Amino acid sequence: MPSAPQTTVISPDVLEILRCPVTAAPLRQDGDHLVSVSDDTIRYPIEHGVPRLLADAASSTTDEETHAP
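Note that the structure is predicted; figures quoted are calculated from it, not measured.

Q: Talk me through the overall build of the chain; I want residue IDs and the actual numbers.
A: Across its full length, the chain holds two helices and five strands. Counting only residues that meet the buried cut, the chain has 25% of its 69 residues in that class. On the chain, roughly 4900 Å² of surface is accessible, and the fraction owed to carbon and sulfur atoms is 54%.

Q: Explain the pattern of salt bridges to me, using residue names and the numbers behind them.
A: Throughout the structure, instances matching the rule amount to two salt bridges. Between Arg43 and Asp30 there is a salt bridge, with its nearest N and O atoms 3.1 Å apart. Of the two residues, Arg43 is situated in strand 3 (residues 42-47) and Asp30 in strand 1 (residues 27-30); the sequence distance between them amounts to 13 residues. For Arg43, a relative accessible area of 13% translates into the label buried. With a closest N to O distance of 3.8 Å, Arg52 and Glu47 form a salt bridge.

Q: Tell me what's going on with the environment of Leu54, and back it up with residues and numbers.
A: Assignment of secondary structure puts Leu54 in the loop between strand 4 (50-51) and strand 5 (59-60). When its relative accessible area of 43% is taken as the criterion, Leu54 is described as partly exposed.

Q: Lay out the pairing of strand 2 (residues 33-36) with the relevant residues and their values.
A: Across the two faces of strand 2 the burial is the same, with His33 and Val35 and Leu34 and Ser36 all buried. In this structure, strand 1 lies alongside strand 2, joined through four bridges in antiparallel fashion. Bridging from a neighbouring strand, Leu27 pairs with Ser36 of strand 2. Hairpin connection of strand 1 to strand 2: two residues between the antiparallel strands, including Gly31 at a positive phi of 65°. Taking the residues that link successive antiparallel strands as the turn, the strand 2-strand 3 hairpin has five residues.

Q: Please set out unusual backbone geometry residue by residue, giving values where relevant.
A: With a phi angle near 65°, Ala24 is a residue other than glycine that sits in the positive phi range. Of note, His48 is a non-glycine position whose phi angle comes to about 55°, a positive value. Inspection of the secondary structure puts His48 in the loop between strand 3 and strand 4.

The rules behind each value
- As a convention, each chain's residues are numbered from 1 in the sequence order in which they are written.
- With the structure being a predicted model, the display of local features is reserved for residues of pLDDT at least 70 and the display and counting of side-chain atom pairs for 80 or more, all residues being used for whole-chain, interface and lining totals.
- Computation of side-chain values: all heavy atoms of the structure, hydrogens and water removed.
- By definition, any uninterrupted DSSP run of H or I lasting at least four residues is a helix, any uninterrupted run of E lasting at least two residues is a strand, and each is numbered from the N terminus.
- Here the term buried applies to any residue with accessible area under 20% of the maximum for its type, exposed to any over 50%, and partly exposed to those in between, with areas from a 1.4 Å probe on protein chains only.
- Surface accessibility follows the Shrake-Rupley procedure with a 1.4 Å probe radius. Residue values consider only the protein chains on display as shielding.
- Counted as salt bridges are all cases of a side-chain nitrogen of Lys or Arg within 4 Å of a carboxyl oxygen of Asp or Glu.
- In this scheme, strands are said to pair when DSSP sees at least two bridges between them.

Read these as layout, nothing more, since geometry by itself doesn't imply function.
Written out as structure tokens, the structure is:
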């Protein structure tokens with residue numbers, strides 16, 4: 001039986017340094033995403049343990065809701 005994928009936990013020391021490239025606000029971790037604390041609709045994926053903090057990599061919950069089948 002395959003094991004469930006594990007969520008990478010980003011160190012609090014690293015989260016203290018990282019900022020949202022769109023809003024410049026601090027980030028918080030929500031599962032396998034980092035979320036801007038100033039706009040919780042802006043989310044950045046964590047891929048293979050590495051946060052992908054590029055403005056074009058950001059997804060918003062409104063985008064995800066719009067594109068849902």
